[in-house]
Amino acid sequence: KNTFEALQRDGAARVARLATETGVAHLVHLSALGADSASPSQYLRTKAAGEQAVLAVFPTAVILRPSIIFGAEDAFFNRFAAMSQFAPILPVIGAGTRFQPVYVEDVAQAAVLGALGKAEPGIYELGGLEVFSFRKLMEKMLVVIQRRRLILNVPFFAARFMALGFDMMQKLTAGLLQNGIITRDQVKSLGSDNIVGVGAKTLADLNIEPVAMAAVLPDYLWRFRPS
């Protein structure tokens, strides 16, 4: 029941409407970097629709668009580090796609500023200090966890075929078997870079200095080391 439309468009619109009706002074909406009504990805299209719905009834909202968020409980580096424990090959889709990972506490600090009315209304694109390809991010992760793995780039045509199979598995089992590996929509989103756009409002406009990945990753990825 929790479709992209229900959660990211209709849910966001409902929150904004109720916030307006109850006289809430400040509203922060968490979106995603790459949100675009023309995106081939349904996830990113509905993120954009949610932004538009929020601004339609709460025009002074602060909208945050983070890139991949890293931190102690992230679902990105932790996931791939765990995968690297059990296989000599680390498969990635879109190895050349670029990302600008942002530290979770930087995103949280931006949200606090918005909630307290200390941030100008508008859309902020949140990215870290560095831009790396998917492959380079995996290489950096492997250095931290002290493992040597072959990073295998899965071609998009093969990834689409794989994702179709996993999506059909979920559909045919009425959701009993969930596709937690790769979906067709994720493959579409991996086809585009996920970096801050030129001229966009950023963490700098909030006087937040981004924390570098190198300063944080060893703090929580050490547990994936061989020893």
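Everything numeric in this text was worked out from a predicted model, so none of it was measured.

## A look at the sheet that holds strand 2 (residues 62-66)
- Strands sit in the order 1-2-7 across an open sheet of three strands; the sheet is parallel. This sheet does not close on itself; its edge strands, each paired only once, are strand 1 (28-30) and strand 7 (122-126). Taking each pair of neighbouring strands and ignoring which way they run, the sheet shows an average axis angle of 20°.
- In the sheet, strand 1 pairs with strand 2 via three bridges, with the strands oriented parallel. Within strand 2, the residue paired with Leu30 across the bridge is Leu64.
- Contacts from helix 2 (residues 42-57) reach strand 1, strand 2 and strand 7 within the one sheet, and its direction differs from that of strand 1 by about 170°.
- Each of strand 1, strand 2 and strand 7 touches helix 4 (residues 104-115); the most contacted strand, strand 2, lies at about 175° to it.

## Observations concerning helix 6 (residues 156-172)
- Taking 1.5 Å per residue, 17 residues should reach 24 Å; helix 6 reaches 24 Å between its end C-alpha atoms and fits that length.
- When we look at burial in helix 6, the residues that qualify are Ala159, Ala163 and Asp167. Along helix 6, the residues classed as buried sweep out an arc of 65° about the axis, all on the same side. Residues Phe157, Phe161 and Leu172 are exposed on helix 6 and point more than 90 degrees away from its buried face.
- In this structure, the buried side of helix 6 is in contact with strand 4 (89-93), strand 9 (150-154) and helix 7 (184-189).

## So, the side chain of Asn179
- Tracing the backbone through its elements, the reader meets Asn179 in the loop between helix 6 and helix 7.
- Polar contacts involving the side chain of Asn179 include one to the side chain of Asp167, which spans 2.8 Å.
- Within the structure, the side chain of Asn179 is placed 3.1 Å from the backbone nitrogen of Ile181, a separation counted as a polar contact.

## Quick notes on the nonpolar core
- Formed by 33 residues in total, the largest nonpolar core has its most connected members in Phe77, Met138, Met141 and Leu221.
- Looking at this core, the elements with two or more residues in it are helix 3 (77-83), strand 4, helix 5 (134-145), strand 9, helix 6 and helix 8 (217-221).
- If one sorts the elements of this core by residue count, helix 5 sits on top with seven residues.
- Setting aside residues up to four positions removed in sequence, Phe77 forms contacts with Phe70, Leu137, Met138, Met141, Met213, Leu217, Tyr220 and Leu221.

How each quantity is defined
- Residues numbered from 1 in each chain as written.
- Predicted model: local features only at pLDDT ≥ 70, side-chain atom pairs only at ≥ 80, totals over all residues.
- Heavy atoms only, no water.
- Pairing = 2+ DSSP bridges.
- Helix = DSSP H or I, 4+ residues; strand = E, 2+ residues; numbered from the N terminus.
- Axes fitted to C-alpha atoms, helices over the stretch in contact; angles between N-to-C directions.
- Contact = heavy atoms within 4.5 Å.
- Expected span 1.5 Å × (residues − 1).
- Buried < 20%, exposed > 50% of the residue type's maximum accessible area, 1.4 Å probe, protein only.
- Arc of directions from axis to C-beta.
- Polar contact = N/O pair within 3.5 Å; in protein donor to acceptor, adjacent residues only side chain to side chain.
- Core = buried A, V, L, I, M, F, W, Y, C linked by side-chain atoms within 4.5 Å.

Treat this as a map of the structure, not an account of what it does.
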